[in-house]
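# Analysis of the macromolecular model
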Amino acid sequence: MDDNTYDFDMAKAPQTIIKVIGVGGGGGNAVSNMYREGIRDVSFVLCNTDNQALQKSEVPDKLLIGRNTTNGLGSGNVPERGEAAAIESEKEIHDMLDDGTRMAFVTAGMGGGTGTGAGPIVAKISKDMGILTVGIVTIPFVFEGRPKIVKALKGVRKMAQNVDSLLVINNERLRNFADMPVPQANRKADETLTIAAKSIAEIVTTNLEQNVDFADVDTTMRNSGVALISIGFGEGEGRLHQAISEALENTLVNDVNNIFNAQRVAFVIYYSHEDELRISEMTDIHNFMSQFKTEYEVKWGHGYDDSLGHKIKITILVTGFGLEDILSQSEQQELATEEEIRQAAEREEAARKAREEEDKWVRQYYGDYIDSRPNAEIVVFAVDELDDDALISFVEDKPTYKRTAKDVQQIRRKGEEPVRTQGLSFTSSAANPGKKPKSGGTVISFR
Amino acid sequence: MAYTDFIAAIDLGSSHMVGMVGTKGPSGFLSIIAYEVENSDTSIRRGCVYNIKDAAGKIVRLIRKLENKLGGSRIGKVYIGVGGQSLRSVNHAVSRVLGSGTVTEEVLKELDRECRQYRPDMLDVLDVATPVYYLDNQPEAHPVGLGCSRIEARYKLLVGRPSLRHAVTTNMSEQIKLDVAGAIVSPLALADLILTEQEKQKGCALIDFGAGVTSVTMYKDGSLAGLYVIPLGSHLITRDLMSLGMPEKEAERVKRTYGNAIWEKDNEQQMVSVDLADGQHSSEVKLSEINMVVEARSREIIENIYARLEDTGVAKEPGYSIVIAGNGAALKNMREALSERFKMDVRYASVRKDLIADGEMIANNPEYTTAVALLLKGTENCALYIAPEPEKPKVVETRFEPKEEPLIAEIEEKTEEQPVEKQAVASATAAKNRNSGTKKEDEKKKNKSWGLGDLFKNAVDKMGEGIDKALKDEQ
């Protein structure tokens, strides 16, 4: 095993102050993308539990984490395993970052195992080292299902606690690109990650006419909570105005006006030598800036990007944005432990709360996108159950929207084995999330 | 005007029971004479009689109210519909080897007799639907006169738990002190009232969304393909809404106003104001939450219907269509939800115009449709035979022209005074029994109408008695 894993090799790393770390599959893809596109003065590292995925990438610096935990075979979609892997490799991660790096991007896709679990740990190590740490994460498509979404949002919460600034990219936004094939949509998701990381890196590394430098970015992003980055383009008459409105429309916020409540703001305007920024366009900038209610100075800059032609581009970076909206006090608390779960009453309450909480997160991030109806455990009677009073009473008394598969399974089983029915029995869902087959074995009864 | 030839039927619904009286014209048209409604409260559950005493009391009231509208005629017996939990169809085949003979009417009768003798375990046969005949395994609509070596009649028996029939026949008859002319399988009757022959031929299912149960009656190639009663009704939607903390009445209102069988995302997060269970405060509930509750339950009902279509093998039948009836069908988007799930045409029920002479408006009111259907199935005259007045001794047939009778009380006296025809004795005594009940009630009412003075006098009397008694005891 050790023969074909690549250890992080310090000598290969160029001396740069910005490091982009892709954790897990999604993060890895994004970083590979960026590497191919080639951003100047930035170094790239991949971290994964899956050796195969690491081998595939062209990025030279790779770090296999959790060699003992996962044997290089991936985390099997279990965030806990991803987390354990990162903790096991803490030293290596630390060494990898300890090369003069002053700003680190931790990019990861939330909802799987490695990115969700290891991402926050990598970020924590980096932040503890005093590096300005920016997390860039994607959250899944609605069609990927509620369990994945919930897992992802839990990951986001952890991530937010361990970074200076967090960018959340909602893949569901890509849905707007109409009938895109799924693989292409996934590539698009990676691309979004790429653009986000690249845009920030660009601000720091490009030498602008009116410069925004690392210190400015540091001020904007240090301990700033949730960040948003947004890009807009404009061309022709009123191109800057166009670019600004496009950038505002492209944000993840449901209410555009919210963006002006952000605590800190930085933006950069790019233009080409062909068609430079004009004095007349400064009014647009002024109007745009005056809308922000922040106490901090709005930091902005402008510079050349000759690939733009007649277009103008604006990159807006807002931070300290809606932190309390996204992470409320109650969400900081851990969910009920398994001990508590054993007390049926509390368990019910906790489950309900957790669900409500989850609903809240899901709504926060997906509000507009969720059009799938909520899940409900429907009972379809077999012909010989049409006159089964016990089952019918249960179906009547328990509203469909509140029912769980467990309830149903239990009552149906009751009919078959009346002996088992005394006392409360339920499956220990927390102990083995979906690992064992549903039937048999998973029912533990407590008397 | 009194009626002497009519049919009376009672539909025992889980939320309402309907009594209806109608008469069939010579061409088979039905005219509705009178109808009355009683709230079922808790006496009927999932379409079955749950509390026989309560149900009987309500039926008696219904009959009395109907009689008030009959201008003097009395109801001697009633048909009662059965359509509750446990009712369903089962297959039963009977066959004969004919050698090289011909199918005759006699053969068919024999098959029928044999079928009717069949008694399944633990189940009561309520009705037998017209069979499909197979001559040497080939289906044949009109077998008489054809030759074959083996004939098989495939029947659909309509079965239910034995209590289903007993509760509305012998047991009910005892309670209401009135003959029950018959128990009619109401979903079948309803299908005959609503579905046309063409629809049955092409393949069509009638779904009756009741408060307590949802019945599915399926036809294919002109005959019954299956009948099931799903023990879930639209009242459950109300009950589910009550879990959001509103009282029943409010839940019912919310269901009717905001209920929606299709999940619709609500971007505006609309709020709906509802009265709370304490009756004093109102609260805001999210429209999306109401939608979630209602959609989940109606989806459950829809899925159960689909399972029955699948069981019967008609779910994938091209051109198969659905007709929906009952109050539950009025839930917003129910038709659309069914159409989307089943990928079939779905239409709302309307009664066949060729069966009802007048009163179509009433018949098309989902609350009354089943009662109308029962009337159509009734065959026996349900009028109580009233002995002729002495002045007109000629009239003795069971069927006679309507005549004026001013007051029930008067007829009652006459019947008691007159020597009665033998065949009518039983029913007359039944009527008498009922009447004595009313008298007692009247007396009670009289007793209750004491004035204050009376009460005082009564109290003084009682005190006096008490003192007398005490004195006696001392002695």
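Please refer to the structure higher up on the page.
Residues numbered from 1 in each chain as written. Chains lettered and ligands numbered in written order. Predicted model: local features only at pLDDT ≥ 70, side-chain atom pairs only at ≥ 80, totals over all residues.

This brings us to the packing of helix α6 (residues 114-128) of chain A against helix α7 (residues 146-161) of chain A. Residues and elements named next belong to chain A. Closest axis-to-axis distance for the α6/α7 pair is 9 Å, and the angle between their directions is 5°. By the angle class used here, α6 and α7 are roughly parallel. Judged by residue contacts, T116, G119, P120 and A123 of α6 engage K151, A152, G155, K158 and M159 from α7. (Axes fitted to C-alpha atoms, helices over the stretch in contact; angles between N-to-C directions. Helix = DSSP H or I, 4+ residues; strand = E, 2+ residues; numbered from the N terminus. Parallel < 35°, antiparallel > 145°, perpendicular 65-115°, else oblique. Contact = placed C-beta atoms within 7 Å.)

Residues and elements named next belong to chain B. V78, I324 and V372 are the most contacted members of the largest nonpolar core, which totals 127 residues. No other element matches helix α9 (residues 287-312), which puts 9 residues into this core. Every residue in contact with I324, bar those within four places of it in the chain, is listed here: I207, F209, A329, M334, R335, L338, V346, Y348 and A349. (Core = buried A, V, L, I, M, F, W, Y, C linked by C-beta atoms within 7 Å. Buried ≥ 20, exposed ≤ 12 C-beta atoms within 10 Å, placed from the backbone.)

Residue and element names in this part refer to chain B. With respect to topology, 5 strands assemble into an open sheet ordered β3-β2-β1-β6-β11, the strand pairing being mixed. Only two strands of the sheet have a single neighbouring strand rather than two, namely β3 (30-39) and β11 (179-185). Direction aside, neighbouring strands of the sheet carry axes that sit 25° apart on average. The pairing of strand β1 (residues 7-12) with strand β6 (residues 77-82) spans 2 bridges and is parallel. Each residue of the ladder has a partner; that of A9, found in β6, is Y79. Along the sheet, helix α1 (residues 52-68) makes contact with β1, β2 (16-24), β3 and β6, crossing β3 at roughly 140°. (Pairing = 2+ DSSP bridges.)

Turning to helix α12 (residues 366-377) of chain B, a few remarks are in order. The buried count for α12(B) comes to 10 of 12 residues, which makes it a mostly enclosed element. Among the residues of α12(B), those classed as buried are Y368(B), T369(B), T370(B), A371(B), V372(B), A373(B), L374(B), L375(B), L376(B) and K377(B).

For the rest of this paragraph, the subject is the interface of chain B and chain A. Taken residue by residue, the interface counts 26 residues in chain B and 20 residues in chain A. Looking at which element gives the most residues to the side of chain B that touches chain A, the answer is α9(B), with 11 residues. Considering only residue class, the side of chain B that touches chain A consists of 11 nonpolar, 5 polar and 10 charged. (Nonpolar A, V, L, I, M, F, W, Y, C, P; charged D, E, K, R; others polar.)

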